[in-house]
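What the coordinates show
Residue-level listing of the chains:
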Amino acid sequence: ADGRIEIASANGQNSLRLRGLVQADYRWYDAANDPADTFLVRRARLIVEGRFSQIFSYVLQPELSGTVQILDANVNAAISPAFNVRLGKFKVPVGLEQLQSDPVAFFNERSVASGLTPVRDVGLQVQGDLLGQTVNYTVALLNGVPDGASSSGTDFDTDKTIAARLFATPFANEKDSFLNGLGVGVAVSAGDYATTAGRAAGYRTDGQQNFFTYDASVVAAGSGLTVTPQGYFYRGPFGLLAEYVISSIDVQRAALGVREVKNHAYNLSAGWVLTGEANSYRGVTPRTVFSPSAGTWGAFEIVGRIAGVDIDDTVFSGPAAARLANPNTSATQLTTYAVGLNWFLSRSVRAGFNLYHNEFDLAPGAAPATTALIADDETTFISRLQVSF
Amino acid sequence: ADGRIEIASANGQNSLRLRGLVQADYRWYDAANDPADTFLVRRARLIVEGRFSQIFSYVLQPELSGTVQILDANVNAAISPAFNVRLGKFKVPVGLEQLQSDPVAFFNERSVASGLTPVRDVGLQVQGDLLGQTVNYTVALLNGVPDGASSSGTDFDTDKTIAARLFATPFANEKDSFLNGLGVGVAVSAGDYATTAGRAAGYRTDGQQNFFTYDASVVAAGSGLTVTPQGYFYRGPFGLLAEYVISSIDVQRAALGVREVKNHAYNLSAGWVLTGEANSYRGVTPRTVFSPSAGTWGAFEIVGRIAGVDIDDTVFSGPAAARLANPNTSATQLTTYAVGLNWFLSRSVRAGFNLYHNEFDLAPGAAPATTALIADDETTFISRLQVSF
Amino acid sequence: ADGRIEIASANGQNSLRLRGLVQADYRWYDAANDPADTFLVRRARLIVEGRFSQIFSYVLQPELSGTVQILDANVNAAISPAFNVRLGKFKVPVGLEQLQSDPVAFFNERSVASGLTPVRDVGLQVQGDLLGQTVNYTVALLNGVPDGASSSGTDFDTDKTIAARLFATPFANEKDSFLNGLGVGVAVSAGDYATTAGRAAGYRTDGQQNFFTYDASVVAAGSGLTVTPQGYFYRGPFGLLAEYVISSIDVQRAALGVREVKNHAYNLSAGWVLTGEANSYRGVTPRTVFSPSAGTWGAFEIVGRIAGVDIDDTVFSGPAAARLANPNTSATQLTTYAVGLNWFLSRSVRAGFNLYHNEFDLAPGAAPATTALIADDETTFISRLQVSF
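Computed from a prediction, not measured in an experiment: that's the story for all the values here. (Residues numbered from 1 in each chain as written. Chains lettered and ligands numbered in written order. Predicted model: local features only at pLDDT ≥ 70, side-chain atom pairs only at ≥ 80, totals over all residues. Heavy atoms only, no water.)

Re the overall build of chain A
Counting secondary structure elements, chain A contains 1 helix and 19 strands. Computed over the C-alpha atoms, the radius of gyration of chain A is 22 Å, within 12% of the 21 Å expected from 2.2 N^0.38 for a compact globule of 389 residues. Summarising its shape, the C-alpha atoms of chain A cover approximately 70 × 50 × 40 Å along the three principal directions. Look at the contacts in chain A between residues 6 or more apart in sequence, and 64% of them connect residues 24 or more apart. Accessible surface, chain A: about 14,500 Å² in total, of which carbon and sulfur atoms supply 57%. Distance between charge centres in chain A, computed from 29 positive and 36 negative side chains, equals 7 Å. (Helix = DSSP H or I, 4+ residues; strand = E, 2+ residues; numbered from the N terminus. Rg over C-alpha atoms; globule rule 2.2 N^0.38 Å. Contact = heavy atoms within 4.5 Å. Areas by Shrake-Rupley, 256 points an atom, 1.4 Å probe, with all protein chains shown as cover. Lys, Arg positive; Asp, Glu negative; His and termini not counted. Charge placed at Lys NZ, Arg CZ, Asp CG, Glu CD.)

Printed below as a string of C-alpha cells:
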C-alpha cells in the first residue's frame, strides 16, 4: 500500500515488507551562541520487516544518516495476543512520546521530556494485550542505557535494568464513547548502574543542543529509577499527549560522596487537524493528496507544545571542585514553547514547520560566557520535508 | 528490467525500485613512492527509489564500502516538468562529469577536473525542463562543500552556497540532425566560507592520491566561486565530453593576509564503441550479452582522456612560514593522459581496463623527497568488474 | 520461499533475492575477570543477491550491527560449472568451519580453530566443480589478511596471498552409500607479509575474549603459510565436522631478529538431531514448525565440541624486552569443551543454547594478575534467538 513493497506467500503465513524514512530539514537559529543555520538529513532509514509461520517476525532498521548504525534488530514470537516474546534491540517501553513513531508525532523534534526517558536498548521483552485489547502490558529485561540514550552494543556492567509499562485504552471498543480515544498508563525503569559510562547523561533543547551535562568526572554509582505517568486523548481532529517524567540516579564525582539526583520533566502537546481528518497516536491520513492539477491540497494540522525540565538543585551545590555540573554551561531549568504547522501532502509525504522557544533558568551564582548556549534564550525554526512509507 | 526489483501499484501512481552497484577493482602502481598494489571494493551501494501519488519521489542511496555513509537521501516533488523541488542530500548541479552516473562514465575514475567541482551537499533544489525539454535549469541553495568533497552533515557556518546550472540540448528533438546528441551548458557555484574546515581542500591524481593539499593551518576566509563551461557530443558509436573548471577561493594562513587562489582544470574525454552500439551520456547498451555458449561477446569501447589541473602560483609564493602549500609535497600543475577499454558483458555488467599516466610540474625551488608522490610521474593501471542495476 | 523476496524475470535469466539475518544473544560469564554479562545483537545483516543473463551474479551483504561494514561485495561470472570467476570481497577459501554459513553451524560461535584461518578478503577467485560435482577446487589471489581477520579495504603491501582449496565429496552421487555424506579436503594459504599491520593477530576464546595477542611492537616480516586438512561426515540425523589448522608466520619484534611462529589448532564438532531430521553442512530443516496451537514443536539437536589452540613456545622465549607476547596476558595453550542444544522453531528461526568451558595453559614463569582473562578458566553460556532467511 502506498509505496511499500509487501510480499506474502499464498497461505499468508510468510511475508516481507520493505519500508523507509527520509527527513530533510532546514534549521534556523536566532543567535550567535547557537549553532550555524543548516540544511540537514535528519533521518534516512531503510526498514525490513517480515513474518514467518505466522508466529515469528523480525525487524531490521538501520539509520543511514549521520553515524550509520542499527536501530532496531529483533526477533519476535507471537505465542498468543496476550503473550509475545521479543529478543534483540528495540525501543525501551517507557516514554509515551518516545514510543510513538517519529514521523507521526506532532512536532519534528520530540519534547525535552523525552530526553529523560531511555530510547533503545538490547534485551528480552514480553508484552501482550489483555481485556479485549483495552490493556497493554510490557515488561523488559535490558542492558540499561542513560537518559535519552540508546545502547551501543554490549553492556558496561553485569547489572541489568527492568522496564515495565501498563497502558490502558479503556473505551477503545466503544466507538461512540466520548472517551473512545483515551489512553492512560504508567511506565517504570529501574536498575543498578556502576560504571563510568553507565548512566550519567546530558539533556538537550528543542534545537538539539546540550543545555545540561554532568562534569566529565561524574559517574553513575548506584540505583536509577525512572517513572512516567502518561496519557493521550484523541477525538475527531483533536489530539492531546501528556507525559511526566521523574528520573533519579545515584551519581558520584570522583571519590566524593554518592548523591541521588532527581530530575523532573513534563510534556503537554496538542494538535488540531484543520481539514477535519481524524487525529490519532498513529498519525493523520489526509483525505486528499496535494495535486495542483486536481486542485486538492492534502491535510493541515496546527500543533502546540509546552514542555520543561527541572534539574535537581543538588547538582550545582558545593564548591566548584565538588559540583556535579558547571552552572556556567548547564542550566538548572528549561521551559520550552513550540508551535507548528503540519502539511500532509499525501499518506507518505509530510512537511512540518516548527518554531521553538527555549528559556533557561540559571543556577545561583551562574555567570555563563556570552558564547555559552544558556547565555540567552534559544529560538529555533525547524522545517522538514519527510517521506515515510 | 534486467534484475531490478520494480513494483508498481495497479494505478501506476506508486512504485518502488531496488537497485545496486558493486565495483571490484585491481589497482597497480608503477613506483615505490605510490601506494601498494591492491584489490579493492571501490563502491558497494544499495539504492532504493520510489514514487508516491505520481508527484512525490525519493532516493535513498547508502555507500556500504569503505566508510559506510549516506550518499543520496532526498525527497522530490514534481509539480510540473518545468518545476521540480528537491530537499535533502543530492549531487551538486555543477560538474558535467560529476553529475554523470559513475558506472556509465568513460573511465573507471573521474578526471582530475572533477576534483575541482563539488560532489554532494545538503540543501534545496529547484529544476526543470523548458522549451520542449531542450533546456534544463537547476538552482540549488546548499550548505556548501569544498572542491571535490561531499557534505558530512550539518553546516560549518551560517553562510550558504548557491549553485546554478543551465544545460541545453538544442537539437535533442531533431532525430536526424547531425547535432542531435549535442549538449552545452555552464554551471556556477558561489558562496561565502568562513571556517577552518570550510573549503580548503586537496586535489587527487587519477590514482586517487593527493598531489596538492593546503598547509594544515590554511582556512577559507571569504568568498568562493566555481565556474564550469561544459558540453558533450554523442553521435552513433562516438562520444565526447569536455569541461573547464575555474575554482577560486579566498584563503588565509593563520593570521597572515587573505589571498584569492584561483585554480583551473580541464577534461577532454572521448569514446568509440567498436561494436557499433550508440554512445550516450547515460551509457552504452550492448546488443549482445557475453555468452560463450551462444558465441556472443557483448560490446567493446575504447576511450581516451586528457585532463589537467593548474594550481595558482600564489599558493607557493612567500617564505616557507607563509606559503599556503608545501612545494615539496604539492605540485603546481598536473597533466594526465589516460586510455582504456570497456567491455560491456551485459546491460548490467561491465569490465573496464584503464591505464593512467600523470605528470607533475613542480613549483620553483621544490625539492621533494624521493618518497613523495610528486617526486616522479605516477602511472596506474586500474581494472574493474562492475555490476550496476 | 519462507519469507525471502525473490523476483525472477519471465525467461528466468534475471533474478533478485532479498535476505537477512538477525541474531539476538544473551551472554553469561562465570567470573569477575571476564566481561560483564550482556544482551547483544550479534549479527544484523541484509543480503541482496542477484543474477543477470544467467551467467552473472552478485552478492551485497553489509553487517549492520556493531561496526557497520560491508562483508560480501562481489561479482561472479559462471562461465561453466567447472569455471567460475569472482572478483570483489568474499570469504577466503581456507577454513571448513569458516566457510560454513554462520546461522547453520552446530554452535553459536565458531570454534577457536577458525581463529587461525582467514575470514574475508578482497581479491580474484576461480572455482568449479569437477568429476560429476564430486570435487570442488577454489583458487584465490588476495590482498592477504591476518589469522581470524577480514580485509578492511586496500592492501598494506604490494605482496599478495594465494589461497587454494580442494574438497571432495566422493560418494555424493551414490545416495545409498554409507559414505554419501562424507567430505574431505585440504586448503592452503600462502603469502608474504611485510608491514606493521600485516599479519600479526590475536586469538580469541569461545567467549570472544583475546587469550593471545602479540606484543604491540611485533610486526609481520616474511612469509606466512596456513594449512588446514578438513572434513565432515553427515548421515541421517548425525553430523561430524573436523579440522586441523597449522598457521605459521615470520614475525619480528622491533629490530630484533625474525622468528618463525607456528601455531596449531583443531576442532572436532558433532551434532545429533533428536527429532530425526537429516543433518547436513547446510543446516537442518525441521519437519514441523513450533506452534502451540497445532501441538508441534519443531526440531531439536544436541551438539558437542572439543577444540584447542597451541601457541608456538618461541613466542614466550627470551627476556621480557625481546619476547613476542606477554605470558601474563597471553596463554600458551587453550583447550575448549562445548555442549549445546539447538531448537529449530521453523525453517528460518532457530534458538541455540551453548555452554562453553575454556582452559588455559600458561607459559613457564607466567604470573597473570587476578584480573587477567587467563588467570583462571573461562566458562560462558551463550543463548541466541536467530532469524535467517
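Here the narrative resumes.
Observations concerning the relation of the copies chain A and chain B
The operation relating chain A to chain B is a screw motion whose rotation component is 120°, with 0.0 Å of axial translation and a residual RMSD of 0.0 Å. This pairing of chains is accounted for by a three-fold axis. Within chain A, the C-alpha atom positioned nearest to the axis of rotation is that of Val68 of chain A, 3.9 Å from it. (Least-squares fit on C-alpha atoms with pLDDT ≥ 70 in both.)

What to know about the interface of chain A and chain B
Of the residues lining the interface, 31 residues belong to chain A; the matching set on chain B comes to 37 residues. Put simply, chain A and chain B have 5 residue pairs in polar contact (both at pLDDT 80 or more) between them. Broken down by secondary-structure element, the contributors of at least two residues to the side of chain A that touches chain B are β1 (5-8), β2 (15-29), β3 (38-52) and β19 (378-388) of chain A. Broken down by element, the side of chain A that touches chain B gets its largest block of residues, 7 residues, from β3 of chain A. (Polar contact = N/O pair within 3.5 Å; in protein donor to acceptor, adjacent residues only side chain to side chain.)

Focus on the packing of aromatic side chains
On inspection of all chains with the given rule, the structure shows 60 aromatic pairs over all chains. Consider the rings of Phe211 of chain A and Phe360 of chain A, whose centres lie 6.4 Å apart with planes at 35°: the pair is tilted. Of this pair, Phe211 of chain A sits in strand β12 (residues 210-212) while Phe360 of chain A is found in strand β18 (residues 349-361), placing the two residues 149 residues apart along the sequence. Judged by its relative accessible area of 0%, Phe211 of chain A falls in the buried class. What makes Phe360 of chain A buried here is its relative accessible area of 11%. Plain terms: the ring middles of Phe212 of chain B and Tyr214 of chain B are 5.1 Å apart, the flat faces sit at 75° to each other, and that makes the pair edge-to-face. Its relative accessible area of 1% is what places Phe212 of chain B among the buried residues. For Tyr214 of chain B, a relative accessible area of 11% puts it in the buried group. Among the aromatic residues, those joined into a ring-pair cluster are Phe56 of chain A together with Phe290, Trp297, Phe300 and Trp343 of chain C. Across the ring face of Phe90 of chain A, the terminal group of Arg86 of chain A is positioned such that the distance to the ring centre comes to 6.0 Å. Above the plane of the ring of Phe107 of chain C lies Arg305 of chain C, whose end atom (NZ or CZ) is 4.5 Å from the centre. (Phe/Tyr/Trp six-rings, centres within 6.5 Å; stacked < 30°, edge-to-face > 60°. Buried < 20%, exposed > 50% of the residue type's maximum accessible area, 1.4 Å probe, protein only. Lys NZ or Arg CZ within 6 Å of the ring centre and 35° of its normal.)

Brief notes about the nonpolar core
Judged by nonpolar contacts, the single largest core of 90 residues is most densely connected at Leu60 of chain A, Leu60 of chain B together with Leu60 of chain C. Once residues within four sequence positions are removed from consideration, Leu60 of chain B is found in contact with Val22, Ala44, Arg45, Leu46 and Leu64 of chain A together with Leu46, Ile47, Val48, Ile70, Asp72 and Ala73 of chain B. (Core = buried A, V, L, I, M, F, W, Y, C linked by side-chain atoms within 4.5 Å.)

A closer look at the interface of chain A and chain C
Every contact between the two is made by 37 residues of chain A and, on the other side, 31 residues of chain C. Between chain A and chain C, a total of about 2,800 Å² is buried, with carbon and sulfur atoms accounting for 83% of that surface. When residues of chain A are sorted by the area they lose upon contact with chain C, Phe52, Phe56 and Val75 of chain A head the list and together hold 20% of the total. For the side of chain A that touches chain C, the secondary-structure elements that each account for two or more residues are β1, β2, β3, β4 (56-63), β5 (69-80), β6 (83-91), β7 (120-130) and β8 (135-142) of chain A. At 6 residues, the largest contribution of residues to the side of chain A that touches chain C is made by β5 of chain A. Split by residue class, the side of chain A that touches chain C holds 23 nonpolar, 10 polar and 4 charged. (Buried area = accessible area lost by both parts, 1.4 Å probe. Nonpolar A, V, L, I, M, F, W, Y, C, P; charged D, E, K, R; others polar.)

Here's the deal with a nonpolar patch on the surface
Residues and elements named next belong to chain C. Residues Trp28, Trp272, Leu274, Ile302, Val339, Leu341, Phe353, Leu355 and Phe381 make up a contiguous nonpolar surface patch of about 770 Å² in total accessible area. Counting only elements with at least two residues in the nonpolar patch, the list comes to β17 (333-344) and β18 (349-361). For Trp28, the position within the fold is in strand β2 (residues 15-29). (Patch = residues over 30% accessible without salt bridge, like charges linked within 9 Å, V, L, I, M, F, W, Y side chains within 5 Å. Salt bridge = Lys/Arg side-chain N within 4 Å of Asp/Glu carboxyl O.)

Honestly, it's all geometry; don't read function into it.
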